[in-house]
Amino acid sequence: MTDSKYFTTTKKGEIFELKAELNSDKKEKKKEAVKKVIASMTVGKDVSALFPDVVNCMQTDNLELKKLVYLYLMNYAKSQPDMAIMAVNTFVKDCEDPNPLIRALAVRTMGCIRVDKITEYLCEPLRKCLKDEDPYVRKTAAVCVAKLHDINAQLVEDQGFLDTLKDLISDSNPMVVANAVAALSEIAESHPNSNLLDLNPQTINKLLTALNECTEWGQIFILDCLANYTPRDDRESQSICERVTPRLSHANSAVVLSAVKVLMKFMEMLPKDLDYYGTLLKKLAPPLVTLLSAEPELQYVALRNINLIVQRRPEILKHEMKVFFVKYNDPIYVKLEKLDIMIRLASQANIAQVLAELKEYATEVDVDFVRKAVRAIGRCAIKVEQSAERCVSTLLDLIQTKVNYVVQEAIVVIKDIFRKYPNKYESVIATLCENLDSLDEPEARAAMIWIVGEYAERIDNADELLESFLEGFHDESTQVQLQLLTAIVKLFLKKPTETQELVQQVLSLATQDSDNPDLRDRGYIYWRLLSTDPVAAKEVVLAEKPLISEETDLIEPTLLEELICHIGTLASVYHKPPSAFVEGSRGVQHKRLPGSAGSGESVESPDTVSAAGVSDAPPAVIPSQGDLLGDLLNLDLTPPATTGPPPPATSGMQLGAMDLLGGGLDSLMGDESEPPPIPLRTDTPQSPQIPHQSPSPPDYSPTELGGDLGGSSAMGAGFGAPPAATAASFTAPVSGGLDDLFDLGGGVGMPMGAYSPPKTVWLPAMKGKGLEISGTFSRRAGVIQMEMTLTNKAMSVMTDFAIQFNRNSFGLAPAGPLQVLTPLSPNQSIDVTLPLNTVGPVMKMDPLNNLQVAVKNNIDVFYFSCQYPISILFVEDGKMERQVFLATWKDIPNDNEAQFQIKDCHLSSDAASNKLQGSNIFTIAKRTVDGQDMLYQSTKLSNGIWVLAELRVQTGNPNFTVCLKCRAPEVSQCVFQSYEAVLKN
């Protein structure tokens, strides 16, 4: 009889009987009793009262009975921790049993008993098992370390188990290696910064050797670990790819996908002109095709992964279109996924084949599938221009079928075709208008209304058609109402005399009779445009529309890179990063593909500066402005470290980041001009080099400040608009000049306090989902501070605030976490001061003092830009020695001199000097010539750049002249703005 009999009993008073049987002298009776206990436990009965009696049965040589007792122990140890300690001696004893199966069983059970009191007793047995002579025991012990780390991480680290685990990677048995890798990966995921898996070429070689001999799941652990390694060069990358490629022919689909993940990642490092690159592309196709012959559920997982692969590298499967053709018995989820991939692979070479298939699908009985097939025909027309005419004719054939949902989908996609190819296929409009009465879905009605409004001048009865929609205006969906409003305004602008009544009717319905704020707002805007400036209205409403893009549903490139690194996991099925569906931050790491071959970044080394002993340390190098928005979007919003050098810039493509910010950074700053494209980084800096002028000492060339900054007028927070800089290269003062002015100085009084601009709104509540941030910058006692007021204008409480800066011109970075100690309740404001340092990563910004900030709270991550007054970077030791000033002024070329006017400044020279000294602009000397006071001043920036100035103050004249000389002339504009702000406030 089988063991099923143990699950059928329904006796009462069983516990007492079982207790007696467990204490029986007969081994068989004991064994039967333990089986009954396990059966009761399995069906959910509480048999914890028998704990001491079951534990007594541990002392046995019978392996089956021991397994059952251990199973019971794992289940009840947590609820009976005091009793579980009784079992410790047996564990210790079993770990030294001659039978390796019992040793392994003991160590496995120890790892599963999650009781703090017991863990410390298990260290010694575990240490022995990690060095056991039998590989089966060692591989079990390796996994036990990961389990123990989850219970008590500190204990594992103190006992040195992690080092032992690292040693097991060099084990002679491949299964031990695989389990050691699995355990270390598990621990590393929960502690992302621990660097446990210190992968180097030697370790990688050991893993690749073990890969050939271990079990399929061991291979998956090793392949996943390899995917986290970044090769040093393309040669190493090719070598790893060659050794991983045989895994593509494995019977287990999980091994195949893990191998594909490694190859997809390492291919990024291979030059495309390499022969091996082409070979590898050919080798990747067959295993992916083979996955599609499995059962539907596996097919779906394979298709979701293939969808990502063809977005990254469509050339892999470009000749395999036929395998994605839909079979009649495919489930709907497989059909839809295949359809998606067919469109991604559609090209001029195979479009005829694809269209024939899609036309066939459009006559199927499955409504969802038919809709998707019709949409697919439209997407093909947009993607492959040569096929557009054939696609339109196919869609017209489908409209003639008069099948309601087919007609509606066809009209929706024809609207998109009109957007892609204006003035090309408008001859079909008549056919579309015939089907007007059959449209009942909002999207189709909205599309048809758009077509009528856009081509109103070609449709004789356009006003009648739109009027027919207007009759049931309030019953329409918002999408249709908005489209109808715009279409009638377009019609009015094209035929004003015939449609005045119609436009007044729709504007009245939209503004007075509607409670939808979007509709009302659009109605009012049109109303005001039409009533105040019809010409402007025409330019706005009838403006030329941009062509729609080929692929609107492509995954954003940075997200696609991350998903490629997660092929074969749930992330690749959901098409979402793990952080989107894994609760908490544990185990979630953002992964990126390595930079492609030949895209290494060159590192510029600045010339050292030794102008008459001004400064021994070179200023910080500001690299050229690259993919700033991508970096800002990928900021890790954890509190920054307070010390240490800035982290290295991460390489890798960061395209598409502009779209994520929704209009780019210009929209954040209120600039409505078109945002510039984001250049990719290249090997060579784009900035011009200015040759050093001999015999002068080396000076700061524009390369050192990251390229051509031009004379961009940077508007500082709270500054007035600066007047345009006038180019000047005038000579030094004549006779006497600088040589004797130092004997005439004096009259420099006590300094006032440092100037701090008033707070301005950086993040409006509308952009911050209710969070408003206003702030300013200051320098107090040598510490740069960002002073902010956070206001909650939302309805929910805000918590978990964090802040991070993008790379910027002077390396500004938070010196600590953003301290918002209490939750921010609705309608509450809180003042926060964030200390800053200048040891962050450096990159030239335009304007130079621009700062891009990301702030996170429990609601979302918000991005904004602000500009800091450069005076916060003026350090306290910026007063130059007089002789050094004289030598430096002469040494800096006249071309580096800039002259500015400060207007309406009613201060004496002494008052001006005091004000400026409060902001660390120091007066070295003063002299008076013909009633004009001339102040000679120096200031030093936090990155070691010196700025020398001559300030001319004419008694009775409110306009000051300031001449600035600097080895890095790009900073002069910002320094002038600080002069103006300090003196006029």
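About the thresholds
Residues numbered from 1 in each chain as written. Predicted model: local features only at pLDDT ≥ 70, side-chain atom pairs only at ≥ 80, totals over all residues. Heavy atoms only, no water. Salt bridge = Lys/Arg side-chain N within 4 Å of Asp/Glu carboxyl O. Helix = DSSP H or I, 4+ residues; strand = E, 2+ residues; numbered from the N terminus. Buried < 20%, exposed > 50% of the residue type's maximum accessible area, 1.4 Å probe, protein only. Phe/Tyr/Trp six-rings, centres within 6.5 Å; stacked < 30°, edge-to-face > 60°. Core = buried A, V, L, I, M, F, W, Y, C linked by side-chain atoms within 4.5 Å. Contact = heavy atoms within 4.5 Å. Polar contact = N/O pair within 3.5 Å; in protein donor to acceptor, adjacent residues only side chain to side chain. Pairing = 2+ DSSP bridges. Axes fitted to C-alpha atoms, helices over the stretch in contact; angles between N-to-C directions. pLDDT = per-residue confidence, 0-100.

### Things to note about the pattern of salt bridges
In the structure shown here, the tally under the stated rule is 30 salt bridges. Here lysine 494 ties to glutamate 457 by a salt bridge, and the two come within 3.0 Å at their closest N and O atoms. Of this pair, lysine 494 sits in helix α28 (residues 478–494) while glutamate 457 sits in the loop between α26 (442–454) and α27 (462–470), placing them 37 residues apart in sequence. Ionic contacts of the salt-bridge type, sharing partners, join the residues Arg371, Arg375, Glu409, Glu441 and Glu443 into one network.

### What about unusual backbone geometry?
Trans is the prevailing form of peptide bonds, just as negative phi is the prevailing case for residues other than glycine. The amide bond that connects aspartate 846 to the next residue, proline 847, takes the cis arrangement and shows omega of 0°. Among the structural elements, proline 847 can be located in the loop between β6 (829–837) and β7 (850–856). Phi is positive for histidine 575, close to 60°, though the residue is something other than glycine. In this structure, histidine 575 sits in the loop between α33 (570–574) and α34 (628–633). A relative accessible area of 15% means that histidine 575 is categorised as buried. Backbone geometry at alanine 781 places phi at a positive 50°, although glycine is not the residue there.

### Brief notes about the packing of aromatic side chains
The description of an aromatic ring pair uses the distance of the two centres, along with the angle that the planes make with each other. All told, the structure shown has 12 aromatic pairs when counted by the stated rule. Seen from their ring centres, phenylalanine 418 and tyrosine 455 are 5.4 Å apart, and the 75° between their planes marks the pair as edge-to-face. Residue phenylalanine 418 is found in helix α24 (residues 404–420), and its partner tyrosine 455 is found in the loop between α26 and α27; the two are separated by 37 residues along the sequence. Take tyrosine 455: its relative accessible area is 5%, and that puts it in the buried class.

### Here we look at the nonpolar core
Among the nonpolar cores identified, the biggest contains 208 residues, and Tyr72, Val244 and Phe418 are the most heavily contacted of them. Among residues more than four places away in sequence, those in contact with valine 244 are Leu208, Leu211, Leu223, Leu226, Ala259, Val262 and Leu263. Counting 63 residues, the second-largest nonpolar core is a separate cluster that includes Val853, Cys905, Leu964 and Tyr979.

### Details of the environment of tyrosine 229
Along the chain, tyrosine 229 turns up in the loop between α15 (216–226) and α16 (234–244). As a C-alpha pair, tyrosine 229 and leucine 197 span 32 residues in sequence and 9.5 Å in three-dimensional space. Discounting chain neighbours no more than four positions away, the residues touching tyrosine 229 are Leu199, Asn200, Pro201, Ile204, Glu236, Ile240, Lys265 and Phe266. Only 2.5 Å separates the side chain of tyrosine 229 from the side chain of glutamate 236, close enough to count as a polar contact.

### Some thoughts on the pairing of strand β12 (residues 946–954)
By the criterion of burial, β12 is predominantly enclosed, with seven of the nine residues buried. The pairing of strand β11 (residues 932–940) with β12 spans nine bridges and is antiparallel. Considered in β12, the bridge of glutamine 937 is made with alanine 949. Between the end of β11 and the start of β12, which pair antiparallel, lie five residues, with glycine 944 showing a positive phi angle near 95°. For β12 and strand β13 (residues 960–966), the ladder comprises six bridges, and the chain directions are antiparallel.

### Digging into the sheet that holds strand β8 (residues 861–867)
As summarised here, the arrangement of the three strands in space is β4-β7-β8, forming an open sheet in which the pairing is antiparallel. The two strands at the open ends of the sheet, each matched to only one other strand, are β4 (802–805) and β8. On average, adjacent strands in this sheet sit at an angle of 25° to one another, irrespective of strand direction. Inspection of the sheet shows β7 paired to β8 by seven bridges, in the antiparallel sense. Residue leucine 851 lies in a different strand from β8, and its bridge partner there is cysteine 866.

### Some details on the sheet that holds strand β10 (residues 922–929)
In spatial order, the strands read β9-β13-β12-β11-β10; together these five strands make up an open sheet with antiparallel pairing. Edge positions in the open sheet fall to β9 (897–902) and β10, since each of these has one partner strand only. For this sheet the average axis-to-axis angle between neighbouring strands, irrespective of direction, equals 20°. The pairing of β10 with β11 spans seven bridges and is antiparallel. Counted as the bridge partner of valine 929 is glutamine 932 from β11. Along the sheet face, helix α38 (residues 882–891) touches β9, β10, β11, β12 and β13 and points at about 95° away from the line of β12. Packed on one face of the sheet, helix α40 (residues 972–984) meets β9, β11, β12 and β13 and runs near 25° to β9.

### A word on the environment of asparagine 200
Note that asparagine 200 resides in the loop between α13 (174–190) and α14 (201–211). Put simply, asparagine 200 and tyrosine 229 are 29 residues apart on the chain and 8.2 Å apart in space, counted from C-alpha to C-alpha.

### Some points on the confidence of the model for the chain
Averaged over every residue, the pLDDT of the chain is 78; the share at 70 or more is 81%. Within the chain, the element-level pLDDT minimum falls on helix α35 (residues 657–661), averaging 32, and the maximum on strand β1 (residues 760–763), averaging 93. Contacts for the low-pLDDT stretch residues 598–751, under 50 throughout, to residues beyond four places or in other chains number 311 contacts.

### Some details on α15
Listing the buried residues of α15 in full gives Gly218, Gln219, Ile220, Ile222, Leu223, Cys225 and Leu226. For α15, the elements touching its buried residues are α13, α14, α16 and α17 (253–267).

### Some details on the side chain of lysine 338
Along the polypeptide, lysine 338 turns up in helix α20 (residues 332–345). Relative accessible area serves as the criterion here: at 1%, lysine 338 is assigned to the buried category. Once you skip the residues sitting within four places of it in the chain, lysine 338 turns out to touch Gln299, Leu303, Val323, Phe324, Phe325, Val326, Lys327 and Asp330.

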